[in-house]
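Understanding the architecture of this molecule
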There are 2 protein chains.
Amino acid sequence: MKFDITVLGGGGGHPHPTAQLVDVRDHLFLIDCGEGTQMQLRAAKVKFQRISHIFISHLHGDHLYGLPGLLGTFSLLGRTKELHLFGPPQLQEWLELTLKVSDSYLSFPLHYHEVNPKESMLVLDHEWVEVHSIPLKHRVPCSGYVFKEKELERRINKSAIHRYNISLEEMVMLKKRLKVVRADGEVLDPYLCCEPEEITRSYAFLSDTQPQCYDQAVLQEVSLLYHESTFLEEHVERAKHTRHSTAQQAGEVAAALRAKKLLLGHFSARYADWDEFKKQAEVAFKEVEIAHELSTYSIPLTYRT
Amino acid sequence: MKFDITVLGGGGGHPHPTAQLVDVRDHLFLIDCGEGTQMQLRAAKVKFQRISHIFISHLHGDHLYGLPGLLGTFSLLGRTKELHLFGPPQLQEWLELTLKVSDSYLSFPLHYHEVNPKESMLVLDHEWVEVHSIPLKHRVPCSGYVFKEKELERRINKSAIHRYNISLEEMVMLKKRLKVVRADGEVLDPYLCCEPEEITRSYAFLSDTQPQCYDQAVLQEVSLLYHESTFLEEHVERAKHTRHSTAQQAGEVAAALRAKKLLLGHFSARYADWDEFKKQAEVAFKEVEIAHELSTYSIPLTYRT
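Residues numbered from 1 in each chain as written. Chains lettered and ligands numbered in written order. Predicted model: local features only at pLDDT ≥ 70, side-chain atom pairs only at ≥ 80, totals over all residues. Heavy atoms only, no water.

**A few points about the overall build of chain A**
Note the threshold: Put simply, DSSP marks the helices as runs of H or I at least four residues long and the strands as runs of E at least two long, and each gets a number from the N terminus on. Buried residues are those whose accessible area, probed at 1.4 Å on protein chains only, stays under 20% of the maximum for their type, while exposed residues exceed 50% and partly exposed ones sit between those limits. Any two residues having at least one pair of non-hydrogen atoms within 4.5 Å are treated as being in contact. Method for areas: the Shrake-Rupley scheme with a 1.4 Å probe, in which residue coverage is limited to the protein chains shown. Charge assignment in this entry is limited to Lys and Arg as positive and Asp and Glu as negative, and neither His nor the chain termini are counted. Every charge is mapped onto a representative atom, which is NZ of Lys, CZ of Arg, CG of Asp or CD of Glu.
The helix and strand tally for chain A stands at nine helices and 16 strands. Viewed in the frame of its principal axes, chain A has a C-alpha envelope of about 70 × 50 × 35 Å. Per-residue burial over chain A gives 56% buried out of 305 residues. Expressed as a percentage of contacts within chain A between residues at least 6 apart in sequence, the contacts between residues at least 24 apart total 64%. Within the structure as shown, chain A displays about 13500 Å² of accessible surface, and the carbon and sulfur contribution to it stands at 52%. One way to put it: in chain A the 35 positive side-chain charges average out to a point 3 Å from where the 41 negative ones average out.

**Notes on the sheet that holds strand β7 (residues 122-125) of chain B**
Residues and elements named next belong to chain B. Counted only if it meets this: Two strands make a pair as long as DSSP finds a minimum of two bridges between them. Helix axes are fitted only over the stretch in contact, all axes being lines through C-alpha atoms; the angle between N-to-C directions runs from 0 to 180 degrees.
Read from one edge to the other, the open sheet built from seven strands follows the order β7-β8-β9-β12-β13-β14-β15, with strand pairing classed as mixed. If you trace the sheet from one side to the other, it starts and ends with β7 and β15 (288-290), each paired once. Pairwise comparison of adjacent strand axes, ignoring direction, gives a mean angle of 20° for this sheet. Here strand β14 (residues 262-265) pairs with β15 via three bridges, running parallel. Counterpart to L264 in the pairing with β15 is I290.

**Considering unusual backbone geometry**
Both trends apply: most residues other than glycine have a negative phi, and most peptide bonds are in trans. Residue and element names in this part refer to chain A. Here the bond from S207 into D208 is cis, since omega is 0°, no more than 30 degrees from zero. Residue placement: D208 occurs in the loop between β12 (202-206) and β13 (224-228). The phi angle at L294 is positive, at roughly 65°, despite the residue not being glycine. With respect to the helices and strands, L294 occurs in the loop between β15 (288-290) and β16 (296-298).

**Here we look at the interface of chain B and chain A**
Worth spelling out the cut-off: In this description, buried area is defined as the sum, over both parts, of the accessible area (probe of 1.4 Å) that is lost when the two are combined. Any carboxyl oxygen of Asp or Glu that lies within 4 Å of a side-chain nitrogen of Lys or Arg is treated as forming a salt bridge with it. Side-chain atoms alone can form a polar contact between residues adjacent in sequence; in general such a contact is a pair of N or O atoms within 3.5 Å, and within protein one must be able to donate a hydrogen while the other accepts it. In this classification, the charged set is Asp, Glu, Lys and Arg, the nonpolar set is Ala, Val, Leu, Ile, Met, Phe, Trp, Tyr, Cys and Pro, and all remaining amino acids, among them Gly, are polar.
Contact with chain B, which involves 30 residues of that partner, is made by 30 residues of chain A. A per-residue breakdown of the area chain B buries against chain A is headed by E35, Y65 and V101 of chain B, which together make up 31% of the total. Run the count over chain B and chain A and you get zero salt bridges. At the surface where chain B touches chain A, the tally comes to eight residue pairs in polar contact (both at pLDDT 80 or more). Looking at which element gives the most residues to the side of chain B that touches chain A, the answer is helix α3 (residues 91-101) of chain B, with seven residues. Classifying every residue of the side of chain B that touches chain A gives twelve nonpolar, 13 polar and five charged.

**Description of the confidence of the model for chain A**
The condition that has to hold: pLDDT runs from 0 to 100 and stands for how confident the predictor is about each residue.
Of all residues in chain A, 99% have pLDDT values of 70 or greater, and the mean over the chain is 95. If you check the scores for this complex, the pTM reads 0.91 and the ipTM reads 0.88.

**Brief notes about the relation of the copies chain B and chain A**
Selection rule: In this comparison the copies share one frame, found by least squares on the C-alpha atoms of residues holding pLDDT of at least 70 in both.
With an axial shift of 0.1 Å and an RMSD of 0.1 Å, the rotation relating chain B to chain A amounts to 180°. Viewed as a symmetry operation, the transformation between the two copies matches a two-fold axis. When C-alpha positions in chain B are compared against the rotation axis, the closest is assigned to G36 of chain B, at 2.7 Å. When you check the interface residues of chain B against chain A, 100% turn up at the interface there too, and the contact is symmetric in its surfaces.

**A look at the sheet that holds strand β4 (residues 51-55) of chain B**
Residues and elements named next belong to chain B. On the basis of which strands lie adjacent, the open sheet formed by seven strands has the order β6-β5-β4-β3-β2-β1-β16 and mixed pairing. The open sheet has two edge strands with one neighbour each: β6 (110-114) and β16 (296-298). Between one strand and the next, the sheet's axes are offset by a mean angle of 20°, whatever the strand orientation. Alignment of strand β3 (residues 27-31) against β4, held across four bridges, turns out to be parallel.

**A short note on the pairing of β4 of chain B**
Residue and element names in this part refer to chain B. Here is the rule we go by: By definition, the crossover connecting two strands over a helix is right-handed if that path, from the first strand to the second, turns clockwise as seen with the strands pointing away from the viewer.
Where burial is concerned, most of β4 is hidden: five out of the five residues are buried. Crossover connection from β3 via helix α1 (residues 37-43) to parallel β4: handedness right-handed. Inspection of the sheet shows β4 paired to strand β5 (residues 83-87) by three bridges, in the parallel sense. Residue H53 lies in a different strand from β5, and its bridge partner there is H84. Traced from β4 through helix α2 (residues 67-76) to β5, the parallel crossover comes out right-handed.

**A look at helix α3 (residues 91-101) of chain A**
Every buried residue of α3 of chain A is listed here: L91, W94, L95, L97, T98, L99 and V101 of chain A. Structurally, α3 of chain A contributes buried residues whose contacts are with α2 (67-76), β5 (83-87) and β6 (110-114) of chain A together with α3 of chain B. Once α3 of chain A finishes, D103 of chain A follows within two positions and takes phi at roughly 55°, a positive value.

**Digging into the packing of aromatic side chains**
Residue and element names in this part refer to chain A. Condition: Ring pairs shown here join Phe, Tyr and Trp side chains whose ring centres sit within 6.5 Å, with only the six-membered ring taken for Trp; geometry is labelled stacked below 30 degrees between planes, edge-to-face above 60, and tilted in between. Both a distance and an angle decide whether a charge sits over a ring: NZ of Lys or CZ of Arg must be within 6 Å of the ring centre and within 35 degrees of the ring normal.
In the structure shown here, the tally under the stated rule is 25 aromatic pairs over all chains. With a centroid separation of 5.1 Å and 55° between ring planes, the pair formed by F55 and Y145 is classed as tilted. Of this pair, F55 sits in strand β4 (residues 51-55) while Y145 sits in strand β9 (residues 143-149); the two residues are 90 residues apart in sequence, bridging distant segments of the chain. An identical accessibility class is assigned to F55 and Y145; each is buried. Ring pairs connect the aromatic residues F29, F55, F86, Y145 and F147, which therefore count as one cluster. The side chain of R79 reaches across the aromatic face of F108, ending 5.3 Å from its centre.

**Some remarks on the packing of α2 of chain B against α3 of chain B**
Residues and elements named next belong to chain B. So the rule is basically this: Note on terminology: angles under 35 degrees are roughly parallel, angles over 145 are roughly antiparallel, angles of 65 to 115 are roughly perpendicular, and the others are oblique. By convention, the crossing between two helices is left-handed when the near helix turns anticlockwise from the far helix through less than a right angle, and right-handed when the turn is clockwise.
Look at α2 against α3: their axes get within 10 Å of each other, and the N-to-C directions meet at 55°. Considering the angle they form, α2 stands oblique to α3. Taken as a pair, α2 and α3 cross one another with a handedness that is right-handed. In contact with L67, P68 and L71 of α2, α3 contributes L91, W94, L95 and T98. The residue inventory of the contact of α2 with α3, partitioned by class, reads six nonpolar, one polar and no charged.

Written as structure tokens, this is what we have:
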């Protein structure tokens with residue numbers, strides 16, 4: 001029941017631009033693809049042919065320039081599995097010209113899905129997760145992405161099957177969280193007959209953006225929020241001007257969303273000390289971690305009480 | 001009197017695509033710019049804002065995809081010094097679209113110089129070197145580049161000045177390698193009055209290409225020849241089909257050119273053992289080195305005897 005985020009670039013400690021790998025039960029999704037992403041995937045020992053979907057937030061080079069090389073490497077290694085690419089308008093035009101001038105032919109089907117950066121959309125309905133886009137406020141059209149685990153059918157507790165002599169028909173109802181009322185008036189409560197129910201987990205990637213209020217339901221109480229914090233508070237005016245966020249602002253967004261945890265990244269190269277980002281975010285929100293390159297952040301399972 | 005080549009990518013040992021830095025007396029020239037070149041420049045601790053000219057051999061991604069990111073980083077760091085970019089047709093079109101879709105504005109003047117891949121041209125006449133293009137035989141239009149040191153004025157030997165009581169007018173002639181015949185019939189030989197004369201050095205970059213005969217004068221007796229050797233002899237048919245070379249063929253080219261030394265690179269990822277490339281090249285040519293990433297190869301000064 002894995003839900004892991006591996007920071008490939010855009011964190012502290014190494015100078016690689018933004019890319020993240022989201023692993024939901026061994027299904028691999030890539031968010032952004034800055035230059036060097038394929039080298040970072042190798043360094044992280046990821047079987048990267050298993051990436052099935054790539055989500056591009058916006059077309060700034062530090063989120064994009066690794067994409068043609070990664071697709072070229074997929075082809076060189078003989079990939080045949082289709083790949084789905086999500087991103088803003090012009091991504092397809094640029095990528096097609098790039099592949100054309102570099103005389104690159106893809107060995108696999110590539111499906112483009114244009115994401116409208118002005119509205120929140122369900123962009124992918126996958127077996128295990130839904131992926132929603134979130135309009136961000138940056139200098140160019142830009143979308144964040146939220147990965148939300150789907151609710152699964154409940155699993156019946158084995159001892160309850162024997163205790164209550166549960167029939168197959170009753171199981172179907174209980175798995176759907178429906179109460180069963182028997183002919184004799186006995187009530188089977190799904191809460192009592194099923195295994196503890198996991199709280200569906202979610203991961204939000206919000207980069208690059210200035211801080212804003214988010215009213216999308218899918219973002220509320222997000223399990224793990226990656227929010228950019230390009231600047232420290234001393235450069236709050238610079239952040240505003242370039243449409244980025246400070247660490248403190250990222251903390252405020254996490255607090256407003258009642259997030260469970262905040263992961264900070266996309267630090268400007270002018271700073272060498274990541275601890276200060278953590279401290280400044282903690283002014284508004286307590287559960288803060290620094291995104292380190294080639295580190296993996298697991299979202300743990302929790303259960304309804 | 002430095003003449004150094006630093007292999008940034010395309011050698012053995014690391015999975016970085018092709019890029020090389022040529023340092024002639026602290027003037028920095030970049031050849032090709034595969035993905036990750038800017039990270040490799042950092043790893044090599046190069047002051048890379050000093051790069052004044054970039055030469056692109058061809059538009060395959062493994063020689064090209066690091067270019068927009070490098071130019072973007074130049075700008076981010078506030079470069080104002082102009083940059084000259086040499087490469088095949090379509091390079092400008094692609095780069096301009098790439099900078100446009102990624103909303104990148106260069107902070108410095110960028111001058112495009114289209115290189116005709118069908119003929120050998122003097123593409124740069126620089127203070128210390130001439131750079132000539134060489135038509136290569138690859139699947140797409142492709143040029144090699146030769147860096148040839150210029151002949152300098154001779155330096156007069158200090159003890160000769162006293163011994164022969166050499167006048168300023170006589171020095172001017174001797175520095176130009178002209179014999180001086182004095183009124184009394186005495187002859188001053190520049191060979192005897194000047195410091196030992198360095199042999200002008202040269203570096204040739206020939207990648208990607210199938211083997212061919214080169215009749216360009218500038219290539220003959222080249223001091224250091226980098227020649228691609230994508231394949232070993234067991235895959236000679238594959239080399240022919242993809243218009244690459246084997247190590248043995250690279251050795252034969254070096255022998256035909258009477259090169260002083262051969263540097264082998266651009267090995268296919270299917271091979272793990274670079275020593276075998278050296279052995280196979282040595283069938284035809286003795287002075288062979290393997291290009292290792294982040295290694296520097298100096299061309300030593302030698303003197304006319």
